[in-house]
Amino acid sequence: MHKLSISLAATAVFALVSGTASAQGYPERSITMVVPFAAGGPTDTVTRLVAESMSKDLGQQIIVENVGGAGGTLGASQVAKAEPDGYTLLLHHIGMATSATLYRKLPYDTLNAFEYVGLVTDVPMTIVAKKDFEPTDLKGLIEYVKANADKVSLANAGIGAASHLCGMLLMSEIKTSLVTVPYKGTGPAMTDLLGGQVDLMCDQTTNTTKQIKGGTIKAYAVTSAKRLDALPDLPTVAEAGLPGLQVGIWHGIYAPKGTPAEITEKLSASLQKALKDPNIISRFGELGTVPVTDAEATPAGLKTKLESEVTRWKPIIEAAGQYAD
Ligand code: ASP
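Since this is a predicted model, take the numbers as computed values, not measurements. (Residues numbered from 1 in each chain as written. Predicted model: local features only at pLDDT ≥ 70, side-chain atom pairs only at ≥ 80, totals over all residues. Heavy atoms only, no water.)

1. Let's talk about the site of the ligand
Around the ligand, the surrounding shell consists of F37, P42, T43, H93, A157, A161, A162, S163, G185, T186, D203 and Q204. Within the contact set of the ligand, an oxygen atom lies 2.6 Å away from a side-chain nitrogen or oxygen of T43. Between H93 and the ligand, the recorded distance is 2.6 Å, taken from a side-chain N or O atom to an oxygen atom. Relative to its free-state accessible area of 270 Å², the ligand is covered by the protein chains to the extent of 100%. Because more than half of its atoms lie within 2 Å of the grid, the ligand is assigned to the largest cavity. Those elements giving two or more residues to the shell around the ligand turn out to be α2 (42-58), α6 (162-173) and β7 (200-204). Per-class residue counts for the shell around the ligand are five nonpolar, six polar and one charged. (Near = heavy atom within 4 Å. Polar contact = N/O pair within 3.5 Å; in protein donor to acceptor, adjacent residues only side chain to side chain. Areas by Shrake-Rupley, 256 points an atom, 1.4 Å probe, with all protein chains shown as cover. 1 Å grid on protein atoms, 1.4 Å probe; cavity = no way out; pocket = protein on both sides within 12 Å on 5 of 7 lines; lining within 4 Å. Sits in = over half its atoms within 2 Å of the grid points. Helix = DSSP H or I, 4+ residues; strand = E, 2+ residues; numbered from the N terminus. Nonpolar A, V, L, I, M, F, W, Y, C, P; charged D, E, K, R; others polar.)

Given below as structure tokens:
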């Protein structure tokens, strides 16, 4: 008995020491960063920019893996179940908070299944349409949509996605339901918007700015409080008459529960460096967003944000009474 407890204690000490040692040597091989949406979309764009810069700093490649579907919950679920060794991470957005209430049978416990690395950026959304969509401004769009509700299609990336959330806000502000078309991410949804197969979408500027500037889609408003430097001619939702549509899509990096704090702290320090990388600052700027502050790009910064956002959206979603299951 005595021998057993000594050997158990020795094993525990060894595990602790070797755990610390592997955290110290971390990372020794490539890291996978899961994006819970399809390639080519806004979350993917943000992730690839940050992953490239963090890879240089960490001296190991961060490989981006797209696991789209079910509004981002499939990818989050995959990371929740992964080894907590720092080699599988998740870059998700506000959907991490809204899905906690929208999905009553989530295969993971949002607030207890992850460790936190830090916030990355808070991206405004834009209300956009296919190029030849008739209405020319937001007022015209509202009138048109109300008169043609059964004909107008609205793309989103599944229930719980930012595009779904923004679309719900739009429909509730104008008190009209539209036909929604779900995709695995707004990357493929954008392809269909460009091809004219869907009419409308609400999506992050990180996916729409280039198309808006290029005139390949039509834009009606941006969901930020102020106009964006990247799109100075685009009115805010408040200017355009829908102040209730203000929404920001915050993104954060997570690791599976049990990932050592030394690792999440190291990743957070690397994230903070990446967010000061001139290339990221200028690419984010061109895409209508900015990096968060050092204090927000920390495990505590993301934890506080996620907890407050779960609390904020719960009563709103419950009052709407619309669930994903
Ligand atoms: N913008 C998408 C959303 O609606 C996600 C994505 O494809 O990145 O949440």
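That covers the picture; the talk isn't over yet.
2. So, the layout of surface pockets
Counted as a void, the largest pocket has a volume near 470 Å³. Lining the largest pocket are 25 residues; nearest its centre among them are D122, P124, S224, T289 and V290. Broken down by secondary-structure element, the contributors of at least two residues to the lining of the largest pocket are β4 (114-130), β9 (248-256) and α10 (278-286). With five residues, the single largest contributor to the lining of the largest pocket is β4. Taken together, the residues that form the lining of the largest pocket break down as twelve nonpolar, eight polar and five charged. There is about 270 Å³ of room inside the second largest pocket. Around the second largest pocket sit L102, L165, M168, L169, M171, S172, S177, W313, I316, I317, A320 and Q322, which together line it. Sorting the residues of the lining of the second largest pocket by element identifies α6 and α11 (299-320) as the ones contributing at least two each. Top contributing element to the lining of the second largest pocket by residue count: α6, with five residues. Of the residues assigned to the lining of the second largest pocket, the class counts are nine nonpolar, three polar and no charged. (Points joined across faces, edges and corners; volume = space filled by probe spheres on them.)

3. Here's the deal with the confidence of the model for the protein
Do not read the fine detail of predicted coordinates wherever pLDDT is low. Looking at the protein, the pLDDT average stands at 92 and 93% of residues meet or exceed 70. Confidence over residues 1-21 falls short of pLDDT 50; this stretch has two contacts with residues more than four positions distant or in other chains. (pLDDT = per-residue confidence, 0-100. Contact = heavy atoms within 4.5 Å.)

4. Considering α2
The end-to-end C-alpha distance of α2 is 24 Å, a good match for the 24 Å that 17 residues give at a rise of 1.5 Å each. In terms of burial, α2 is a largely internal element, 13 of the 17 residues being buried. (Expected span 1.5 Å × (residues − 1). Buried < 20%, exposed > 50% of the residue type's maximum accessible area, 1.4 Å probe, protein only.)

5. Some points on the nonpolar core
Among soluble globular proteins, nonpolar side chains are generally buried collectively. The biggest cluster of nonpolar side chains holds 84 residues, and the ones touching the most others in it are L200 and I253. For this core, the leading source of residues is β4, giving eight residues. Apart from residues lying up to four places away in sequence, L200 is in contact with V128, A129, F133, L141, V145, V152, S153, L154, A155, L178, L193 and Y220. The next biggest cluster of nonpolar side chains, apart from the first, holds 14 residues, and it includes V128, I212, I217 and L228. (Core = buried A, V, L, I, M, F, W, Y, C linked by side-chain atoms within 4.5 Å.)

6. Remarks on the state of the cysteines
Taken as a whole and assessed by the stated rule, the structure comprises one disulfide. The disulfide partner of C166 is C202, and the S-S distance across this bridge is 1.8 Å. Judged by the torsion about the S-S bond (40°), the C166/C202 disulfide is right-handed. Of this pair, C166 sits in helix α6 while C202 sits in strand β7, and the two are 36 residues apart along the sequence. Residue C166 is classed as buried on the basis of its relative accessible area of 1%. Using a relative accessible area of 1% as the deciding quantity, one classes C202 as buried. (Disulfide = S-S within 2.5 Å.)

7. Points about α10
Helical geometry: 3.6 residues make up each α-helical turn, so side chains three or four residues apart lie on a common side. Two or three places before N279, at the start of α10, stands the capping residue D277, its side-chain oxygen 2.9 Å from that residue's backbone nitrogen. Within two residues after α10, G288 carries a phi angle of roughly 80°, on the positive side.

8. Observations regarding the packing of aromatic side chains
For the structure on display, the rule yields five aromatic pairs. With a centroid separation of 5.8 Å and 65° between ring planes, the pair formed by F114 and Y254 is classed as edge-to-face. Of the two residues, F114 is situated in strand β4 and Y254 in strand β9; the sequence distance between them amounts to 140 residues. Judged by its relative accessible area of 1%, F114 falls in the buried class. The class of Y254 is buried, set by a relative accessible area of 0%. In this structure an aromatic cluster arises from ring pairing among Y108, F114, Y116 and Y254. Taking the ring centre of Y87 as reference, the NZ or CZ of R29 above it sits at 3.8 Å. The aromatic ring of Y323 is capped on one face by R104, whose charged end is 3.8 Å from the ring centroid. (Phe/Tyr/Trp six-rings, centres within 6.5 Å; stacked < 30°, edge-to-face > 60°. Lys NZ or Arg CZ within 6 Å of the ring centre and 35° of its normal.)

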